[in-house]
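A closer look at the structure
Each chain, written out:
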Amino acid sequence: MAAPPPSASEAGAIDSALINPGLIDPGLIDRFRSDTTALLDAPLASAHPLALAVSGGPDSMAMLALAAAACPGWVIAATVDHRLRADSADEAAMVARWCAASGIPHRTLALEPLPAGNLHAEARAARYTALTDWASGEGAQYLATAHHADDQAETFLMRANRGSGLAGLAGIRPRRRDRDLTVIRPLLSWRRATLRTMAEAAGIPFVDDPSNDADRFDRTHLRRHLAAHDLLDPAALARSAGCCAEADADLRAVRDWLWAARAHRGQDVAINVADLPRALRRMLARMAIEQVRTANTITRPGFSESTHVEALLDALEAGKSATQAGVMASARDTTWYFREAPPRRSL
């Protein structure tokens, strides 16, 4: 059971829990330092702080303690308060007190009420926007989140169950660019149980988010299924996601080479797709759609990497025309053409 948020009188206990590094296994500190350094473009340095997204849960609090021990004086932290639960402000305050007692700069990012709709997706987008704005404003080049191997396994299974392709099965990426900084996930090879056990052994306070057990989320059902069946190994599933990510990165490198060699681009795009497999044609078509949308400032309807484009590919491979996301695509011999779709005629 999670420890309750500490009161102001308990600040001294919090202080000793972090400042005494003997409470954390030195091997775990070394492992975290190595895993984090592997995701950076340069060695750890004090010129730019390492920003951490800390929710107050066991995973992120463990990451906070590990980072503070591995990179003393280089860590800053922020907690997002979505104001979706009555206890969220208290949880953010718990993180703030622990950071204050440990000499770690902390900011609580309180968000405005979210619009109705896909609340989970809206909350995630708002959270990352707030965190990246804060981290960039503090001069950070990297923002670390506490996603771990169990999160990766759940994501892999969820996407496999939805029929995702290679990019989807790659799951949570170890690092990705987000505007002016890089989001890193140094715990992707760590198990949830390892992080929780470390936090409990070191006396680090944390709070379990009740939404993690909410039956309305598919992830909750998968988490329970994984916990109940030894046949499925979350660590192995996470490694499979990593293999998919490597293969996807290789394909993207080939795509970029083909784009430079075969695409003629401007406001319109033409691509020679002769002798290319469907996977690469799909990736090039997505790039063409994105290029035309950007060049012509098309914002609606929406388009992303998860948007289904198979019907468009079927039409082009049959020599027909099709429209997707405000872009008209047509085929002539082995060349595919993409341009802004003409406005619909009004009746």
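Just so we're clear, the structure is a prediction, and the values are computed from it rather than from any experiment. (Residues numbered from 1 in each chain as written. Predicted model: local features only at pLDDT ≥ 70, side-chain atom pairs only at ≥ 80, totals over all residues. Heavy atoms only, no water.)

1. Re the overall build of the chain
What the chain contains, in helices and strands, is 12 helices and 11 strands. Per-residue burial over the chain gives 44% buried out of 347 residues. Taking the intrachain contacts of the chain between residues at least 6 apart in sequence as the baseline, contacts between residues at least 24 apart amount to 68%. Counting only carbon and sulfur atoms, one obtains 53% of the accessible surface of the chain, whose full area is about 17,900 Å². (Helix = DSSP H or I, 4+ residues; strand = E, 2+ residues; numbered from the N terminus. Buried < 20%, exposed > 50% of the residue type's maximum accessible area, 1.4 Å probe, protein only. Contact = heavy atoms within 4.5 Å. Areas by Shrake-Rupley, 256 points an atom, 1.4 Å probe, with all protein chains shown as cover.)

2. What about helix H12 (residues 310-317)?
Those residues of H12 lying buried are Leu312, Leu313, Ala315 and Leu316. Within H12, the buried residues cover an arc of 160 degrees as seen down the axis, which keeps them to one side. Residue glycine 319 follows H12 closely and has a positive phi angle near 80 degrees. (Arc of directions from axis to C-beta.)

3. Some remarks on the sheet that holds strand S8 (residues 269-272)
Taken in spatial order, the 5 strands of this open sheet run S7-S8-S11-S10-S9, and their pairing is antiparallel. Looking along the sheet, the strands with just one partner apiece sit at the ends: strand S7 (263-265) and strand S9 (322-324). Neighbour-to-neighbour, the strand axes of the sheet open up by a mean angle of 20 degrees, direction not taken into account. Bridge count between S8 and strand S11 (residues 335-340): 4 bridges; the pairing is antiparallel. The residue of S11 that forms the bridge with valine 269 is phenylalanine 338. Taken strand by strand, helix H11 (residues 278-295) contacts S7, S8, S9, strand S10 (327-332) and S11, and its axis lies near 25 degrees from that of S11. (Pairing = 2+ DSSP bridges. Axes fitted to C-alpha atoms, helices over the stretch in contact; angles between N-to-C directions.)

4. Looking at the sheet that holds strand S3 (residues 106-110)
Across the sheet, which stays open at both edges, the 6 strands sit in the order S3-S2-S1-S4-S6-S5 with mixed pairing between neighbours. With one partner strand each, in any of the chains shown, S3 and strand S5 (175-178) form the two edges of the open sheet. On average, each strand axis in the sheet is inclined to that of its neighbour by 25 degrees, with strand direction left out of account. Summarising the sheet, strand S1 (residues 50-53) and strand S4 (residues 142-144) pair through 3 bridges and their orientation is parallel. Residue pairing across strands places leucine 52 opposite alanine 144, the latter belonging to S4.

5. Concerning the environment of alanine 331
With respect to the secondary-structure elements, alanine 331 resides in strand S10. Between the alpha carbons of alanine 331 and valine 273 there is a distance of 10.0 Å; along the sequence they are 58 residues apart. Apart from the residues lying within four places of it in its own chain, the contact partners of alanine 331 are Leu316, Gly319, Lys320 and Trp336.

6. Section: the nonpolar core
Grouped together as the largest cluster of nonpolar side chains are 40 residues, with contacts concentrated most on Leu52, Met61, Leu64 and Leu66. Those elements giving two or more residues to this core turn out to be helix H2 (26-37), S1, helix H3 (58-70), strand S2 (75-81), helix H4 (88-102), S4 and helix H8 (192-201). Contacts of leucine 64, omitting those with residues within four sequence positions, involve Leu52, Val54, Val75, Ala77, Trp98, Cys99 and Ile104. (Core = buried A, V, L, I, M, F, W, Y, C linked by side-chain atoms within 4.5 Å.)

7. Quick word on the UniProt feature "binding site: ATP" (unreviewed entry) in the chain
The UniProt feature table records "binding site: ATP" (unreviewed entry) at Ser55, Gly56, Gly57, Pro58, Asp59 and Ser60. Its relative accessible area of 0% is what places glycine 56 among the buried residues. With respect to the element layout, serine 60 can be found in helix H3. For serine 60, a relative accessible area of 5% translates into the label buried. Not counting residues within four places of it along the chain, the set of residues in contact with serine 60 comprises Ala53, Val54, Ser55 and Ala146. (UniProt positions renumbered as here; feature names shortened; annotations may be inferred.)

8. Concerning the pattern of salt bridges
For the structure shown, the criterion picks out 21 salt bridges. Across the pair aspartate 248 and arginine 173 runs a salt bridge, and its minimum N-O distance is 3.3 Å. Taken together, the residues aspartate 248 in helix H10 (residues 234-262) and arginine 173 in the loop between helix H7 (166-169) and S5 connect sequence positions 75 residues apart. For arginine 173, a relative accessible area of 22% corresponds to the partly exposed category. One network of salt bridges, with partners in common, ties together Arg278, Arg281, Arg282, Glu310, Asp314 and Glu317. (Salt bridge = Lys/Arg side-chain N within 4 Å of Asp/Glu carboxyl O.)

9. Digging into unusual backbone geometry
Arginine 300 connects to proline 301 through a cis peptide bond whose omega is 0 degrees. As for its placement among the helices and strands, proline 301 is situated in the loop between H11 and H12. With a phi angle near 60 degrees, arginine 179 is a residue other than glycine that sits in the positive phi range. By the element assignment, arginine 179 lies in the loop between S5 and strand S6 (181-184). Of note in the backbone geometry, aspartate 275 takes a positive phi value of approximately 65 degrees without being a glycine. With respect to the secondary-structure elements, aspartate 275 resides in the loop between S8 and H11. Of the residues examined, aspartate 275 reaches a relative accessible area of 78% and is grouped as exposed.

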